[in-house]
Amino acid sequence: MQSGVIPNVSAAGLRRFFTRFSRDDLVSVIKHVGTDALLVEQDLSLAKTQLITRLIYVLGTVLTYDQVARFDLYYFQQRSTRKWKALKLSNSENRILSISDAGILQASLSRHLALYFDHHVLVQQFKNALWVRIFVQDSVVPASQLTSHTNTIFLIYSPHTPYVMTTAIKKSQHDFICQALVASFHCNAVEDAALSGKDYTSLLDLLVNKTSQGVYAEYRLNMHDSNPLAREAPQQRQRSATFEENLLKRITEASRAGAVVADDMDRAAERADANDAAFGSLAPPQLQKIEVTLNTRFSGDCRYSITAPFVGKVKFEGPSVIEGLKQLVAVGAADTPLPPVLANLHSSGQSKFAIYDRDAAPRRAATPPAASQATPRPSSQRRKHAANTDDDAANSEQAARGRRRRSGRGPVFG
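I will try to describe carefully the structure that is included in this document. Quick caveat, the model's predicted, so the values are computed rather than measured.

A word on the overall build of the protein chain. For the protein chain, the count of helices and strands is 15 helices and nine strands. Of the contacts made within the protein chain by residues no fewer than 6 positions apart, 68% connect residues no fewer than 24 positions apart. Summed over its atoms, the accessible surface of the protein chain is roughly 25,500 Å², and 51% of this surface lies on carbon and sulfur atoms.

What follows is about the environment of Gly4. Topologically, Gly4 is positioned in the segment before helix H1 (11–19). The spacing of Gly4 and Tyr65 is 61 residues in sequence and 6.3 Å in space, taken between C-alpha atoms. Every residue in contact with Gly4, bar those within four places of it in the chain, is listed here: Leu63, Thr64 and Tyr65.

Of all residues except glycine, most have a negative phi; of all peptide bonds, most are trans. For the peptide bond that leads from Thr336 to Pro337, omega is 0°, which places it in the cis range. By the element assignment, Pro337 lies in the loop between helix H12 (321–330) and helix H13 (340–343). Even without being a glycine, Lys127 presents a positive backbone phi close to 55°. Along the chain, Lys127 falls in the loop between strand S2 (118–125) and strand S3 (130–137). The backbone phi angle of Asn128 is positive, close to 60°, even though this residue is not glycine.

Right, let's talk about the packing of aromatic side chains for a bit. Geometry of an aromatic ring pair is reported as the spacing of the ring centres plus the angle between the planes. Scanning the model with the defined rule gives 14 aromatic pairs in all. Taking the centre distance of 5.2 Å and the plane angle of 85° together, the rings of Phe18 and Phe71 count as edge-to-face. With Phe18 in helix H1 and Phe71 in helix H5 (residues 65–78), the pair connects residues that are 53 residues apart, well separated along the chain. In terms of burial, Phe18 and Phe71 fall into one category: buried.

Position of Asp199 among the secondary structure elements: in the loop between strand S6 (189–197) and helix H8 (200–208). Of the side chains with opposite charge, Lys127 comes closest to the buried, unpaired Asp199, at an N-O distance of 8.5 Å. Separated by 2.6 Å, the side chains of Asp199 and Thr201 make a polar contact. Asp199 has contacts with Gln286 and Gln288, leaving out every residue within four places of it along the chain.

The final tally for this structure, using the stated rule, is zero disulfides. Cysteine Cys178 remains unbridged, with the sulfur of Cys187 as its closest cysteine sulfur at 9.3 Å. When its relative accessible area of 11% is taken as the criterion, Cys178 is described as buried. Cys187 gets classed as buried once you look at its relative accessible area, which sits at 7%.

Here the focus is the packing of helix H11 (residues 265–279) against H12. It is the contact of H11 with H12, at a shortest axis distance of 9 Å, that shows an interaxial angle of 155°. On the basis of their axis angle, the class for H11 and H12 is roughly antiparallel. H12 is crossed by H11, and the crossing has right-handed handedness. Listed contacts from H12 to Arg271, Asn275 and Phe279 of H11 are Ile322, Leu325, Lys326, Val329 and Ala330. Here the residues of the contact of H11 with H12 sort into five nonpolar, one polar and two charged.

It is worth spelling out helix H7 (residues 171–185) at this point. Given a rise of 1.5 Å per residue, 15 residues ought to cover 21 Å, and the 22 Å separating the end C-alpha atoms of H7 matches this to within 8%. Those residues of H7 lying buried are Gln173, Ile177, Cys178, Ala180, Leu181, Val182, Ser184 and Phe185. Residues of H7 that are buried sit in contact with strand S1 (84–90), helix H6 (102–113), S3, strand S4 (152–157) and S6.

Here the focus is the sheet that holds strand S8 (residues 310–317). Strand order in the open sheet made by the three strands is S8-S7-S9, with mixed pairing throughout. Edge positions in the open sheet fall to S8 and strand S9 (352–356), since each of these has one partner strand only. The sheet shows a mean angle of 15° between the axes of neighbouring strands, direction not considered. Bridge count between strand S7 (residues 289–296) and S9: five bridges; the pairing is parallel. Counterpart to Glu291 in the pairing with S9 is Lys352.

A few words on the pattern of salt bridges. Close approach of charged atoms allows side chains of opposite charge to pair. Using the criterion set out here, one finds four salt bridges in the structure. When the shortest N-O distance is used, the salt bridge between Arg20 and Asp72 registers 2.7 Å. With Arg20 in the loop between H1 and helix H2 (23–33) and Asp72 in helix H5, this pair connects stretches of sequence that are 52 residues apart. Residue Lys85 pairs with Asp192 through a salt bridge whose shortest N-O separation is 3.7 Å. With a gap of 107 residues between them, Lys85 in strand S1 and Asp192 in strand S6 connect regions that are remote in the sequence. For Asp192, a relative accessible area of 48% puts it in the partly exposed group. Each of Arg20, Asp72 and Arg133 takes part in a single network of salt bridges with overlapping partners.

Cut-offs and rules
Residues numbered from 1 in each chain as written. Predicted model: local features only at pLDDT ≥ 70, side-chain atom pairs only at ≥ 80, totals over all residues. Heavy atoms only, no water. Helix = DSSP H or I, 4+ residues; strand = E, 2+ residues; numbered from the N terminus. Contact = heavy atoms within 4.5 Å. Areas by Shrake-Rupley, 256 points an atom, 1.4 Å probe, with all protein chains shown as cover. Phe/Tyr/Trp six-rings, centres within 6.5 Å; stacked < 30°, edge-to-face > 60°. Buried < 20%, exposed > 50% of the residue type's maximum accessible area, 1.4 Å probe, protein only. Lys, Arg positive; Asp, Glu negative; His and termini not counted. Salt bridge = Lys/Arg side-chain N within 4 Å of Asp/Glu carboxyl O. Polar contact = N/O pair within 3.5 Å; in protein donor to acceptor, adjacent residues only side chain to side chain. Disulfide = S-S within 2.5 Å. Axes fitted to C-alpha atoms, helices over the stretch in contact; angles between N-to-C directions. Parallel < 35°, antiparallel > 145°, perpendicular 65-115°, else oblique. Left-handed = near helix turned anticlockwise from the far one by under 90°. Nonpolar A, V, L, I, M, F, W, Y, C, P; charged D, E, K, R; others polar. Expected span 1.5 Å × (residues − 1). Pairing = 2+ DSSP bridges.

This is the structure:
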């Protein structure tokens, strides 16, 4: 299945496959994938429906698995709407093989996956990363089907990092995919990094640059430090205005126009400064969902005594959770400092958290019991202790007899 013509491809299936492309994307993908002369010679000025009809006529009987994979991977790179999950390649010696050649990774993955199921693998370099498309054929998906949402897996590997981004993998295929990754990258295991989202660049940024997020991102991007050997001072990098700056600008313009203005201008400026100190002035990485699991004591105001643990789950969802927290602080809906799990969200490298009380269960003092309150031994231990006591007494009596025999004092009865 790694190469060859796809058998029994229907015209309806081809039309469904190409209809999801816009006309501009369809023209771009023909130029990108069109290694075949038949594709290059097509009139790209036609309307979308006419262009699709021409593609069906040209590719109806000669469409290969490689061409479908290139079409599908190009579409996914331009319009990715799936959810990504971060995996970590772990190695006890930190000697994970870094692969930067698409051909080497494609050959390695295909060789190891061939042991488990029929498949097709395509690896391409795109935006300084290796994009992998794996199509698994099983009894549910016929050979004539061009693509399948459940049997098509996309991976993104950034060279020189131990992280791999992946879309959803079926439970029946998960172990085999992970085993192929272990064998290809020479690592010990593939672990869940507890981080997921729709923007793979933000996920990779959160994992690789954990210690340089927030206000420290400005130093990582050389926005403050300049090269002392440069002949001319470099221009400061332009950045877009933050939500707080736009808010203050609108308030200022409204005050000049005589409109209704908030009377806490000073507080708004203080909240903007607190936001910059906590999250930095740059746009934060995008996380669409945060889950916090709680198993703590209730600490709110209540006239009743609640001793049972408070168990619950809190979810934050939106286009960008971190940016949403910044906006809540900017408008005064949230006070700083935020709880540590939220304040350090950009530096934690994960999207799922669990909060527990360390002293949820009271610990007893490890003091030895008094003689009168000694813990009783089980019957077997009591018998063993009595036997040891009798042996000690017999040994002491035998030693005393020996001393009396040597000194000649008193009779010794055997």
